[in-house]
Structure formats: C-alpha cells, structure tokens
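Spelled out, the chains give:
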Amino acid sequence: MTTAVAKNDANLPAQIRKMEQAFQLAMPRGTEAKQLIRDALTCLQTNPKLGQCEQKSILGALMTCAQLGLRPGVGALGQAYLLPFWDKKSGGQKAQLVIGYQGYVELAHRSGRIASIHARTVYSNDEFHIEYGAAEDKWVHRPCISGPRGEPVLF
C-alpha cells in the first residue's frame, strides 16, 4: 500500500498540471488557471496528507475552486481549504473542499445582490435586537461600553 500511495503522490502534481485548460475554461473571467495550479501545489507541499487522498477527490475539489474562482490554501485570503479526511465507505483518504468565511464573503460580493456584509461578535452584556419586517429587517447592536462585555453569545 505504501508504494501505491507514493505513486499516487508523485502523479498528482502532473495530473493537476494536465488539467490547466479544463480549469481555465471553468474559471470566471479575469482569473488564471496557472494561479490555481500554484495554489494547489502549495497545498500539497504544506499538507502532505493530501498526497494520500484519492486523486479524483482532489481534482474535483480543485475544479470546484476553479468554477467558483476561489483560491485554495492561501491562508491570508481564507477563501478555501483542501482538507484530507478518512472515508469509511471507500476505506481511504479523500480530499474535501471547505469554503472559508472569506470565500463566502467574496462570492456574496460578486453576486451583486448585496450592498454590504458585516461580521461582529455580540457579547452577553451588549444590547442586541432583531426585528423582522416585510420590506426590511432591522438589527440593533449596541456594544456594552460601561463595563465588561461578558461572554460571546452570537457571531
């Protein structure tokens, strides 16, 4: 089994490079498949367990990144991550794409359907109210400034 894993690992970068044209066709305008490939190869170097994953699962996760125009494994961006996991059904490692919150923010902005996104932590001593309305929801968050804010309760 070790030789199969080693062979799989050695073949994977070549397989990723072979898919450059397919990635490019799937990507949004203005994005480059070469960058996705560099990001993917960096993921393999920084997380060696990905080399033990079923190639099809890694290539599928990368194709999803291409289609969404997200960059995997670039920590500073936090858009997407390729993570290995044990699949009971196949009895082997598979890669799974996990979209980070920054990836969801990027997709939301690109959709053109939102004006803005705000992320905040609400603490137990803050004032926080939500009113749902037919035309518009109303959110009120007033941080406690006269003492300790307490424990985080909402994000």
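Computed from a predicted structure; not experimentally measured. (Residues numbered from 1 in each chain as written. Predicted model: local features only at pLDDT ≥ 70, side-chain atom pairs only at ≥ 80, totals over all residues. Heavy atoms only, no water.)

Q: When you look at the overall build of the protein chain in this model, what are you seeing that I'm missing?
A: Within the protein chain one finds five helices and six strands. Across the protein chain, helices and strands are ordered from the amino to the carboxyl terminus as α-α-α-α-β-β-α-β-β-β-β. What you see for the protein chain is a C-alpha radius of gyration of 21 Å, clearly larger than the 15 Å of a compact globule of 155 residues, by over 25%. Residue burial in the protein chain is summarised as follows: out of 155 residues, 28% are buried. Considering only intrachain contacts with a sequence separation of at least 6, the fraction spanning at least 24 residues in the protein chain is 53%. For the protein chain, the accessible surface area stands at approximately 10600 Å², while carbon and sulfur atoms represent 54% of it. (Helix = DSSP H or I, 4+ residues; strand = E, 2+ residues; numbered from the N terminus. Rg over C-alpha atoms; globule rule 2.2 N^0.38 Å. Buried < 20%, exposed > 50% of the residue type's maximum accessible area, 1.4 Å probe, protein only. Contact = heavy atoms within 4.5 Å. Areas by Shrake-Rupley, 256 points an atom, 1.4 Å probe, with all protein chains shown as cover.)

Q: It is not clear to me how the environment of His 129 should be interpreted in this structure. Could you clarify?
A: One can find His 129 in strand S4 (residues 127-131). Residues His 129 and Pro 143, spaced 14 residues apart in sequence, show a C-alpha to C-alpha distance of 12 Å. Residues within four places of His 129 in sequence aside, it is in contact with Lys 138, Trp 139 and Val 140.

Q: Teacher, can you tell me more about the packing of aromatic side chains here?
A: For the structure shown, the criterion picks out one aromatic pair. With 6.0 Å between their ring centres and 70° between their planes, Phe 128 and Trp 139 make a pair best called edge-to-face. In this pair, Phe 128 sits in strand S4 while Trp 139 sits in strand S5 (residues 138-142), placing the two residues 11 residues apart along the sequence. Take Phe 128: its relative accessible area is 24%, and that puts it in the partly exposed class. Look at Trp 139 and you get exposed, because its relative accessible area is 56%. (Phe/Tyr/Trp six-rings, centres within 6.5 Å; stacked < 30°, edge-to-face > 60°.)

Q: How do you make sense of the pairing of S5 when you look at a structure like this?
A: For S4 and S5, the ladder comprises five bridges, and the chain directions are antiparallel. Bridge pairing links Glu 127 to Arg 142 in S5. A loop of six residues connects S4 with S5, the two strands running antiparallel in sequence. (Pairing = 2+ DSSP bridges.)

Q: Hey, could you run me through the nonpolar core in this one?
A: As a rule of thumb, nonpolar side chains are buried together in soluble globular proteins. One finds Ile 16, Phe 23, Leu 36, Leu 50, Ile 58, Leu 62 and Leu 82 to be the most contacted residues of the largest nonpolar core, which totals 26 residues. For this core, the secondary-structure elements that each account for two or more residues are helix H1 (2-18), helix H3 (33-46), helix H4 (55-68), strand S1 (80-87) and strand S2 (92-99). Leaving out residues up to four positions away in the same chain, Ile 58 has contacts with Leu 12, Leu 50, Cys 53 and Ala 95. (Core = buried A, V, L, I, M, F, W, Y, C linked by side-chain atoms within 4.5 Å.)

Q: How should I be thinking about H4 in this particular structure?
A: Each full turn of the α-helix corresponds to 3.6 residues, which orients residues three or four apart in the same direction. If you check H4, its first and last C-alpha atoms are 20 Å apart, about what 14 residues at 1.5 Å a residue would give, namely 20 Å. Those residues of H4 lying buried are Gln 55, Ser 57, Ile 58, Leu 59, Ala 61, Leu 62, Met 63, Cys 65 and Ala 66. Of the residues flanking the end of H4, it is Gly 69, one or two places downstream, whose phi is positive at about 70°. (Expected span 1.5 Å × (residues − 1).)

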